[in-house]
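Coordinate inspection notes
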Amino acid sequence: MVASGNYIVENAHIVPITGDPFDGSLVVTDGKIAALGPKVKVPKGHERLDAEGRWLLPGFVDAHVHLGTHEEGEGWAGNDTNEATDPVTAAVRAIDAINPLDVGFDDALAGGVTTVNVNPGSANPIGGLTVAIKTHGAVVDEMVLRSPSGLKAALGENPKRVYSEQKKTPGTRLGTALTVRKAFAEAQKWAEKPAGERSADLVSQALEKVLNREIPWRQHCHRADDIATAIRIADEFGYELVLDHGTEAYKLAGRIAERGIPVLYGPLIVSRSKVEVRDRSPRGPGILAKAGVKVSIITDHPVVPIDFLIHQAALAVKEGLDPDEALRAITINPAQVLGVADRVGSLEKGKDADLVLWEGDPLDTRHRALRTWIEGREVQRYDPEAGTPIIAERW
């Protein structure tokens, strides 16, 4: 492996995402993309890597996962997604529950995913603060791209079920909406006080970031009526709204596009496990994109394994999503939603050298991610003899 250092990837089919594909080279210097183009001079002291005509893309971005907080194969001991003891837990932080040694991080690298946004779960009407991180490291603080990157909230069946079972509010959709409104009203009242008179209210501090549009409100919702409620409450309080899942968002595609609300669509490869996802459709991303909605595709890992992110994009292409838009839906679009597009999501000079070398077009699911780099360091290489990926040491 090229563990670190300066190098040039030559003879590659480069797909920069924000520009047209071309055959050429890409230069990495000190972990950043220093140059790229059809003809690039080999800088002095740079190692030469021959891509042999294979496809070079930016690392994929999955904007909605529970990676490291809902560990696979660990059962109850490894599940820290929901603090389901209070309907309003705006102050909890996903970063405090992430185990960077969760096997899912290895799967992410093997699937070409180099950036993820880790969310709290959807048990609570207001679930907590999200964090955008890279997918290789030993200590989560050293993997952070943006913290916090949003505030997770939930409408629909999940909070209804959790709190009706506890015989607490909310037990209905109207109770869930009331819970959200009350929390924002209290945060507004708290924020209006002079700084010296404010109590140490961590919940209101977190909600103030949303009200000030410092971070987006990440709204878990599936059904069209829940999406309408999400828009209604966002209009009342004036915050930046992002729709997570958006299973029936295609039914409101025009309205969502008019308001410029992004949709993080998915997971796609799942059964109709509950009433509110009965109308899930892999046609959804294509319908939304054609209407002008900024669409990202998500796995909700471990609901869908994170290395299947590209398989979901390919399925959406099969059902009508433009192939170029499908690649944008797992690169630059989610990077923009997360507020980290200045560093990741495309191959551009000055951005992090988060690169993946594919056998061919990644939308052809027969092709593997052969090599993965994060900030210029090679962190995954496929071993054809063993038939498995080799992951670089995290420690």
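Refer to the preceding data block for the structure.
Residues numbered from 1 in each chain as written. Predicted model: local features only at pLDDT ≥ 70, side-chain atom pairs only at ≥ 80, totals over all residues. Heavy atoms only, no water.

1. Thoughts on the environment of Val 293
In plain terms, the rule: Counting from the N terminus, the helices are the DSSP runs of H or I reaching at least four residues and the strands are the DSSP runs of E reaching at least two.
With respect to the helices and strands, the residue Val 293 is situated in the loop between helix H7 (284-291) and strand E13 (295-297). Sequence spacing of Val 293 and Pro 262 is 31 residues, and the spatial spacing of their C-alpha atoms is 6.2 Å.

2. With respect to the sheet that holds strand E11 (residues 241-245)
Operational definition: A strand pair is defined by DSSP finding two or more bridges across the two strands. Inter-axis angles, ranging from 0 to 180 degrees, are taken between N-to-C directions of lines fitted to C-alpha atoms, where helices are fitted over the stretch in contact.
Read across the open sheet, the eight strands follow the order E6-E7-E8-E9-E10-E11-E12-E13; overall the sheet is mixed. Two strands in the sheet have a free side with no partner beyond their single neighbour: strand E6 (60-65) and E13. In this sheet, adjacent strand axes meet at a mean angle of 25 degrees when their direction is disregarded. In terms of strand pairing, E11 meets strand E12 (residues 263-265) through three bridges, oriented parallel. Each residue of the ladder has a partner; that of Leu 243, found in E12, is Val 263.

3. Section: the environment of Pro 216
To keep things clear, this is the line we draw: Note on contacts: a residue pair is in contact if any heavy atoms of the two residues lie within 4.5 Å.
By secondary structure assignment, the location of Pro 216 is in the loop between helix H4 (202-211) and strand E10 (217-221). C-alpha separation for the pair Pro 216 and Pro 285, spaced 69 residues apart in sequence, amounts to 21 Å. Residue contacts for Pro 216: discarding those within four places in its chain leaves Arg 146, Ser 149, Gly 150, Leu 151, Glu 240, Val 242 and Val 337.

4. Brief notes about the packing of helix H3 (residues 173-192) against H4
When two helices pack together, their arrangement is given by the angle between their axes and by how far apart the axes lie. The following threshold applies: An angle counts as roughly parallel when it lies under 35 degrees, as roughly antiparallel when it exceeds 145, as roughly perpendicular when it falls between 65 and 115, and as oblique in every other case. Residue polarity follows a fixed list, in which Ala, Val, Leu, Ile, Met, Phe, Trp, Tyr, Cys and Pro are nonpolar, Asp, Glu, Lys and Arg are charged, and the others, Gly among them, are polar.
Orientation of H3 relative to H4, taken along the N-to-C sense of each, is 90 degrees, at an axis distance of 9 Å. Here H4 runs roughly perpendicular to H3, going by the angle between their axes. Here Ala 183, Phe 184, Glu 186, Ala 187, Gln 188, Trp 190 and Ala 191 of H3 lie close against H4, whose contacting residues are Ser 204, Gln 205, Leu 207, Glu 208, Val 210 and Leu 211. Looking at the contact of H3 with H4 residue by residue, the classes come out as eight nonpolar, three polar and two charged.

5. Here's the deal with H3
So the rule is basically this: To estimate the expected span of a helix, count its residues, drop one, and scale the result by 1.5 Å. Relative accessibility decides the category of a residue: with a 1.4 Å probe and only protein chains considered, values under 20% of the type maximum give buried, values over 50% give exposed, and everything between is partly exposed.
For H3, with 20 residues, the first-to-last C-alpha span of 29 Å sits near the 28 Å given by 1.5 Å per residue. Taken residue by residue, H3 has Gly 175, Thr 176, Ala 177, Thr 179, Val 180, Ala 183, Phe 184, Ala 187 and Trp 190 as its buried positions. Among the structural elements, strand E8 (126-134), strand E9 (144-154), helix H2 (157-165), H4, E10 and helix H5 (224-237) are those in contact with the buried residues of H3.

6. Re unusual backbone geometry
Between Ser 147 and Pro 148 the backbone carries a cis peptide bond, its omega angle lying at -5 degrees. With an omega dihedral of 10 degrees, the bond running from Thr 169 to Pro 170 counts as a cis peptide bond. Structurally, Pro 170 can be placed in the loop between H2 and H3. Positive phi, close to 55 degrees, is recorded for Glu 52, a residue that is not glycine. Mapped onto the fold, Glu 52 is located in the loop between strand E4 (47-50) and strand E5 (55-58). Accessibility expressed as a relative area gives 52% for Glu 52, which makes it exposed.

7. Comments concerning the layout of surface pockets
As a reminder of what qualifies: Both site types are read off a 1 Å grid over the protein atoms alone. A 1.4 Å probe that fits but cannot get out defines a cavity, while an open set with protein on both sides within 12 Å along at least five of seven lines defines a pocket; lining residues have an atom within 4 Å of a point. Grid points are joined across faces, edges and corners, and a volume is the space filled by probe spheres set on the points.
Taken as a whole, the largest pocket spans an internal volume of roughly 540 Å³. Lining the largest pocket are 32 residues; nearest its centre among them are Ser 122, Asn 158, Lys 274, Asp 300 and Val 303. When grouped by side-chain class, the residues that make up the lining of the largest pocket number 10 nonpolar, 17 polar and five charged.

8. Comments concerning empty space enclosed by the protein
All chains considered together, the criterion is met by one cavity of 30 Å³ or more. What lines the largest cavity is simply Val 9, Leu 49, Asp 50, Ala 51, Leu 357, Arg 371 and Trp 373. Here the residues of the lining of the largest cavity sort into five nonpolar, no polar and two charged.

9. Describing a nonpolar patch on the surface
Just so we agree on the cut-off: Without a salt bridge and with relative accessible area above 30%, a residue can belong to a patch; like charges are then joined within 9 Å and nonpolar side chains (Val, Leu, Ile, Met, Phe, Trp, Tyr) within 5 Å. Note on areas: Shrake-Rupley, 1.4 Å probe, and residue coverage restricted to the protein chains presented here. For this analysis, a salt bridge means a side-chain nitrogen from Lys or Arg found within 4 Å of a carboxyl oxygen belonging to Asp or Glu.
There is a patch of nonpolar side chains on the surface, built from Leu 101, Val 139 and Trp 395 and spanning about 350 Å² of accessible area. We classify Val 139 as partly exposed; its relative accessible area is 34%.

10. What about the pattern of salt bridges?
The full count for this structure, using the stated rule, is 24 salt bridges. Residue Arg 394 is joined to Asp 106 by a salt bridge in which the shortest nitrogen-to-oxygen separation is 3.0 Å. Here Arg 394, found in the segment after strand E17 (388-391), pairs with Asp 106, found in helix H1 (residues 103-110); they are 288 residues apart in sequence, far enough to count as distant. Of the residues examined, Arg 394 reaches a relative accessible area of 13% and is grouped as buried. Of the charged contacts, one joins Arg 366 and Asp 364 as a salt bridge, the two residues approaching to 2.6 Å between their closest N and O atoms. Judged by relative accessible area, Arg 366 falls into the exposed class, the value being 69%. Residues joined by salt bridges that share partners form a network here, namely Lys 32, Lys 134, Arg 343, Asp 352, Asp 354 and Glu 375.

11. Quick look at H5
Two residues of an α-helix separated by three or four positions point the same way, owing to the 3.6 residues in each turn. Taking 1.5 Å of rise per residue, 14 residues should cover 20 Å, and H5 covers 20 Å from first to last C-alpha, within 8% of that figure. When H5 is considered as a whole, its buried residues turn out to be Ala 224, Asp 226, Ile 227, Thr 229, Ala 230, Ile 231, Ile 233, Ala 234 and Phe 237. Where H5 terminates, the next one or two residues include Gly 238, which has phi positive at roughly 75 degrees.

12. Here we look at the packing of H3 against H5
Applied cut-off: Take the far helix as your reference; a near helix turned counterclockwise from it by less than a right angle gives a left-handed crossing, and one turned clockwise gives a right-handed crossing.
The geometry of H3 relative to H5 is characterised by a closest axis approach of 11 Å and an angle of 15 degrees between their N-to-C directions. In terms of orientation, H3 lies roughly parallel with respect to H5. Of the two elements, H3 crosses H5, and the hand of that crossing is right-handed. In this structure, H3 uses Arg 173, Ala 177, Val 180, Arg 181, Phe 184, Ala 185 and Gln 188 to contact H5, whose residues at the interface are Asp 225, Asp 226, Thr 229, Arg 232, Ile 233, Glu 236 and Phe 237. Residue composition of the contact of H3 with H5, by class: six nonpolar, two polar and six charged.

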